[in-house]
Protein chains: 2
Amino acid sequence: MARVRKTVTIRDVAEDADVSLQTVSRVVNGGPNVRPQLRDKVRASIERLGYVPSLAAQRMSGSRSYIILAINDRERTLADWRERRGTDWVDQMLLGGILTCSKHGYRMMVELIDTHSDHVERELGAALSALQPDGVILTPPHSENRLITELLSARAIPFARIGSDVAGPGIPMTMGDEGAAHLATTRLAELGHRRIAMIAGPSQYSLSGWRIEGWKRALAEAGLPHEGLLEAGDFGYESGTRAARALLARNPDCTAIIASSDQMALAALEVARDRGLVVPRDLSLISFDNTPIVRFTQPPLTAIDQPIAETVSRAVEQLIARDEGDNGGQVIEVAAGLVERSSTAPPPPVSAPARA
Amino acid sequence: MARVRKTVTIRDVAEDADVSLQTVSRVVNGGPNVRPQLRDKVRASIERLGYVPSLAAQRMSGSRSYIILAINDRERTLADWRERRGTDWVDQMLLGGILTCSKHGYRMMVELIDTHSDHVERELGAALSALQPDGVILTPPHSENRLITELLSARAIPFARIGSDVAGPGIPMTMGDEGAAHLATTRLAELGHRRIAMIAGPSQYSLSGWRIEGWKRALAEAGLPHEGLLEAGDFGYESGTRAARALLARNPDCTAIIASSDQMALAALEVARDRGLVVPRDLSLISFDNTPIVRFTQPPLTAIDQPIAETVSRAVEQLIARDEGDNGGQVIEVAAGLVERSSTAPPPPVSAPARA
DNA sequence: ACAAGTCTTGAGAACGCTCTCAAAATGCGT
DNA sequence: ACGCATTTTGAGAGCGTTCTCAAGACTTGT
């Protein structure tokens, strides 16, 4: 409607509504003491002029920047990208974050950082200085990276540690890994499996440990053994291949595998195929993550659905609402679910010369 | 090293180096007229103090915001998310964008907008006012959305139109869709296929047309017909199922299909399986996009690799370098490649009672 | 050696907003 | 009605940068 209009500022609104800047500011920010009549008048002006406060200016004067920063590892992201592995984790985290941020008038930014080297401090510091975010979201394995958490708490920037439940600064948030592994294992036990193996993730991830615990607990509850049924990978495809081979070579009587990532499950599926095993007839398979790829494999994989987006969303809300009383170190947990598809079935009747 | 230090500002650096604010600013921004000696001194101070300019302050005073905005459709993104369809496109675009932005000291932000409704102007306007980005990246189908492009040019914000080559404001960028379709079709023709079908995308996407053109051109060059071999979908799985069924029902002699998206290719794969056709023995299949899922289907799909990340990266560079002479409406094209996997093979020897 | 440049440096305003604090208006108890 | 507490409004400074413009320090040509 207008021509190349210059930016509409709070001053324009103030003039239009014939009030002071301060009053407009109060209306915009839902300030408490404004007469309803004036408030409406100002609102009308804002509407008419199409005024939207400038994020930069808000940051400059106020205490908030309305920015939540999500940290990701540059190397890993780059590698995933080059090799066209899915970066579904990033996806999910972004979506959960962006959606929730925008609901509260915040924005989410993603920062790629070299989290391995000692550039961490430098790079993260630069990002924090430039952006001055109101909160930061850390995902595994950064959630327990000392350099990072210390830098953040030194700067007094609130942050959420996803996939970490240790005490310390930052809001710990978990995704029910122990419970999820327990759930998957129990389901397999119920189907009749007696030799249920697990391909775990790398030990530097806390969640790897939790999953192993859940698996062991379910096994114990069902009176099943776990000895020799554990292998660890690094979440990647190749490591899954190695682990699955080792597992099946060592345990010919193994009839079910839980893999700690979709990529490793895919690898296990391939290994099974190589060994002439038909999934799920001869071998049941459950994966962690439930990224889009597992719906299109042959057969589609039963998977633990990690509520990443939901968790990040919760994290954002925690960060934004931090003002209203500190969350006293209480771990926040979002539970995972099991999506049953076609890679799970009862074990073959003859297969197990178990109690040999 | 320091305690809860207050933010280091340009003033601190100026004092430390015993020069004026302005001189520091010049050094930071690579200003032209500074004595080398002074420059080094200032650099040393910056280094020592760990100074990083505040984005917000830069935006406030200067003309640039160092922000590039990428527009995505909220509904579609949300749907993809809920149904755990891969949002690889978003991924790729983000990665290409973020990486290139950070290389130039810029940041990329993603904005989800209701691009269908008439909220577009409102929502986009709000985002532009709040963020005041230095550039905007539009992806299909927004690249040719009048409301959007006009709003952007009215505000004089440079933008790139990915997947669009029409004249007008904004930098047009394409990904060689015509050439890619031609390449895929030609490859199939070389393998000996005579009835090569295409499942196209929706017509409101320019690239759908280009792909059809490339397919027809290759067919014509090989002396093959195209009549009755074209179906259109909406890029989604279900539409692919419908299209593939129609195609195969109408053309029992069809031995190859090119699908305009991975999801539709997946659907075609499933349809073929239902009809008892073995891919690639009885039917060859090539998809567009090359998202991570097509590597893990049975068989893995041969696919056109859309250089999304690369294109977005180029777009960002164009936007950042816009100052140095307008890009006179010349279309920028990044070529796509063909990734051969196992869904393509020569047609079955007997199959075609073609010249009936 | 002098005027006329060019290069280098700095001072001060401006960007758009929110803070703090004080002034004006209102409400209330007696 | 009167004083006091409370609510509502506004004025002005300040956030950290870059911009404009002017002053000082060098060059250079003659």
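Residues numbered from 1 in each chain as written. Chains lettered and ligands numbered in written order. Predicted model: local features only at pLDDT ≥ 70, side-chain atom pairs only at ≥ 80, totals over all residues. Heavy atoms only, no water.

### Here's the deal with the protein's contact with DNA strand D
- The immediate surroundings of DNA strand D are formed by 27 residues, with A:Thr23, B:Ile10, B:Gln22, B:Ser25 and B:Ser61 found nearest.
- The protein-proximal atoms of DNA strand D, defined as those within 4 Å of the protein, are 62% sugar or phosphate.
- With respect to DNA strand D, the side chain of A:Thr23 contributes an N or O atom lying 2.7 Å from a phosphate oxygen.
- One nitrogen or oxygen atom from the side chain of B:Gln58 is found 3.4 Å from a phosphate oxygen belonging to DNA strand D. (Near = heavy atom within 4 Å. Polar contact = N/O pair within 3.5 Å; in protein donor to acceptor, adjacent residues only side chain to side chain.)

### Details of the protein's contact with DNA strand C
- In the neighbourhood of DNA strand C, 25 residues make up the surrounding shell, with A:Ile10, A:Gln22, A:Ser25, A:Tyr51 and B:Thr23 lying closest.
- Within the contact set of DNA strand C, a sugar or linking oxygen lies 2.8 Å away from a side-chain nitrogen or oxygen of A:Ser61.
- Contacts to DNA strand C include B:Arg35, whose side-chain N or O atom sits 2.8 Å from a phosphate oxygen.
- Elements represented by at least two residues in the surface near DNA strand C include exactly α2 (21–28) and α4 (55–61) of chain A together with α2 (21–28) and α4 (55–61) of chain B.
- Counting residues per element, the surface near DNA strand C draws most heavily on α4(A), at 4 residues.
- For the surface near DNA strand C, the residue count by class is 9 nonpolar, 14 polar and 2 charged. (Helix = DSSP H or I, 4+ residues; strand = E, 2+ residues; numbered from the N terminus. Nonpolar A, V, L, I, M, F, W, Y, C, P; charged D, E, K, R; others polar.)

### Examining the packing of aromatic side chains
- All chains considered together, the criterion is met by 6 aromatic pairs over all chains.
- For the ring pair A:Tyr205 and A:Phe235, a centre distance of 5.0 Å and an interplane angle of 90° mean the geometry is edge-to-face. Taken together, the residues span a long stretch of sequence, with A:Tyr205 in the loop between β6 (196–200) and α10 (206–221) and A:Phe235 in the loop between β7 (230–232) and α11 (237–250) at a distance of 30 residues. A single burial state applies to A:Tyr205 and to A:Phe235, both of which are buried.
- Judged by centre distance (5.9 Å) and plane angle (35°), the ring pair of A:Phe296 and B:Tyr237 falls under tilted. In this pair, A:Phe296 is assigned in the loop between β9 (284–289) and β10 (302–305) and B:Tyr237 in helix α11 (residues 237–250), connecting two distinct chains.
- A relative accessible area of 14% places A:Phe296 in the buried class.
- You can call B:Tyr237 partly exposed: its relative accessible area is 22%. (Phe/Tyr/Trp six-rings, centres within 6.5 Å; stacked < 30°, edge-to-face > 60°. Buried < 20%, exposed > 50% of the residue type's maximum accessible area, 1.4 Å probe, protein only.)

### Some points on the sheet that holds strand β5 (residues 171–174) of chain A
Residues and elements named next belong to chain A.
- Overall, parallel pairing links the 6 strands, which are arranged β2-β1-β3-β4-β5-β11 in an open sheet. Lying at the two open borders of the sheet, with one neighbouring strand each, are β2 (107–113) and β11 (332–333).
- Direction of pairing for strand β4 (residues 159–162) relative to β5: parallel, over a ladder of 3 bridges. Bridge assignment links Ile 162 to a residue of β5, and that residue is Met 173.
- Sitting on the sheet, helix α7 (residues 119–131) touches β1 (67–73), β2 and β3 (135–138), and the angle it makes with β2 is about 155°. (Pairing = 2+ DSSP bridges. Contact = heavy atoms within 4.5 Å. Axes fitted to C-alpha atoms, helices over the stretch in contact; angles between N-to-C directions.)

### What to know about the sheet that holds β6(A)
Residue and element names in this part refer to chain A.
- Taken in spatial order, the 6 strands of this open sheet run β7-β6-β8-β9-β10-β12, and their pairing is mixed. Because the sheet does not close on itself, it has two edges, and the strands there are β7 and β12 (337–339). Strand after strand, the sheet turns through a mean of 20° between neighbouring axes, direction not considered.
- Bridge analysis of β10 against β12 gives 3 bridges, and the strand direction is antiparallel. Counted as the bridge partner of Ile 304 is Leu 338 from β12.
- Each of β6, β8 (256–259), β9, β10 and β12 touches helix α9 (residues 177–190); the most contacted strand, β9, lies at about 165° to it.
- Docked against the sheet, helix α12 (residues 262–274) engages β6, β8 and β9, running at close to 160° with respect to β9.

### Quick word on the nonpolar core
- Judged by nonpolar contacts, the single largest core of 96 residues is most densely connected at A:Ile196, A:Ile199, A:Ile258, B:Ile196, B:Ile199 and B:Ile258.
- With near-sequence residues (within four places) excluded, A:Ile196 lies in contact with A:Thr185, A:Leu188, A:Ala189, A:Trp215, A:Leu219, A:Leu224, A:Leu229, A:Ala256 and A:Ile258.
- Core analysis: the next-biggest nonpolar cluster, separate from the first, contains 90 residues, A:Leu94, A:Met109, B:Ile68 and B:Leu128 among them. (Core = buried A, V, L, I, M, F, W, Y, C linked by side-chain atoms within 4.5 Å.)

### Quick word on the pattern of salt bridges
Residues and elements named next belong to chain A.
- Within this structure, the stated rule accounts for 28 salt bridges over all chains.
- Among the ionic pairs, Glu 340 bridges to Arg 187, the shortest N-O distance being 2.5 Å. Residue Glu 340 is located in the segment after β12, and its partner Arg 187 is located in helix α9; the two are separated by 153 residues in the primary sequence.
- Overall, Arg 187 belongs to the partly exposed group, its relative accessible area being 25%. (Salt bridge = Lys/Arg side-chain N within 4 Å of Asp/Glu carboxyl O.)

### Observations concerning the pairing of β4(A)
Residues and elements named next belong to chain A.
- Judged by which residues are buried, β4 turns out to be covered on both faces: Phe 159 and Arg 161 on one side and Ala 160 and Ile 162 on the other are all buried.
- The sheet contact formed by β3 and β4 spans 3 bridges and is parallel. For Leu 138, the partnering residue across the bridge sits in β4 and is Arg 161.
- A crossover connection joins β3 to the parallel β4 through helix α8 (residues 146–154); in handedness this β-α-β unit is right-handed. (Right-handed = clockwise from strand over helix to strand, strands pointing away.)

### Regarding the relation of the copies chain B and chain A
- Turning chain B through 180° and shifting it by 0.0 Å along the axis lays it on chain A, with an RMSD of 0.0 Å. Both chain copies can therefore be described as sitting about a two-fold axis.
- Here 100% of the interface residues in chain B have copies in chain A that are interface residues too; the copies meet face to matching face. (Least-squares fit on C-alpha atoms with pLDDT ≥ 70 in both.)

Interpretation in functional terms is not warranted from these geometric data alone.
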